[in-house]
Amino acid sequence: MDAGQREVWDQIDDATQRLLGTARVIAEPDLRQPSLLPGWTRAHVLAHLARSADAMRTLLTGARSGQELPAYASAGARDADIEHGAAQKAKELVTDVADSAMALRTIARQLPDQAWPRPVQVLDSAPFPAAQLLTRRLVEVELHHCDLAAGYTPADWPAAFASMELAEPMRTQRQDRLRRPQELLDSVPPLRPARVPGQPRKGIAPLFS
């Protein structure tokens, strides 16, 4: 991992910490409420992030060994895994997101330099270098954090991410979050209070150190 890749991964670490900080205070009933993604609850968004991390880890495993491993067995299997993950209880789901993120981080940090240029593919996408998975992961975490409709918005993006040069379709996907109509934002039920007023919030242990 070169200096540029380490910089992106540091951004992924920070973005993942922020995501988990939000996920840990979403009450169980609120997980079952709609997200800002049509047809998906907040639990679906978190389950997608966990399964996407698993898929990227599989691709990096293949890049390391020189094998072409599929990110998902099929589009149907991907959807079924997301549904299964979304059915987990709140604590289990947050643990799933955290564990899958840590597993992806571990293999990425250990990947040899010669593996990063190797082509990988997600379902029917065009092949792309394994190194592009870093940017893709950062984009997924930042955008889907907003999709939770849990208080994190594009205004909270770090300047480094907000101004980052992105290839399509990631550039348009980021713009879509910036241009969401207010009526869509208002359509999602607000979160229940995360704590009783006056009660101190428990500290959140860092995932990475």
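First, a word on scope: everything that follows refers to the structure included in this document. (Residues numbered from 1 in each chain as written. Predicted model: local features only at pLDDT ≥ 70, side-chain atom pairs only at ≥ 80, totals over all residues. Heavy atoms only, no water.)

**Points about the pattern of salt bridges**
And then number 1: Under the counting rule described, the total for this entry stands at 13 salt bridges.
And then number 2: Across the pair R78 and D79 runs a salt bridge whose closest N-O atoms are separated by 3.0 Å.
And then number 3: The partner of D147 in a salt bridge is R177, and the shortest N-O contact between them spans 2.7 Å. Here R177 lies in helix α8 (residues 170-178) and D147 lies in helix α6 (residues 132-147), a separation of 30 residues in the sequence.
And then number 4: According to the relative accessible area criterion, D147 is buried, its value standing at 0%.
And then number 5: On the basis of relative accessible area, R177 is assigned to the buried category, the value being 13%.
And then number 6: Salt bridges sharing common partners tie together D10, D13, R105 and R109. (Salt bridge = Lys/Arg side-chain N within 4 Å of Asp/Glu carboxyl O. Helix = DSSP H or I, 4+ residues; strand = E, 2+ residues; numbered from the N terminus. Buried < 20%, exposed > 50% of the residue type's maximum accessible area, 1.4 Å probe, protein only.)

**Points about the side chain of R174**
And then number 1: With respect to the helices and strands, the residue R174 is situated in helix α8.
And then number 2: Although R174 lies buried, it forms no salt bridge, and the closest oppositely charged side chain, E165, sits 6.5 Å away as judged by the N-O distance.
And then number 3: Excluding residues that lie within four positions of it along the chain, R174 makes contacts with L143, W157, F161, A162, S163, M164 and L166. (Lys, Arg positive; Asp, Glu negative; His and termini not counted. Contact = heavy atoms within 4.5 Å.)

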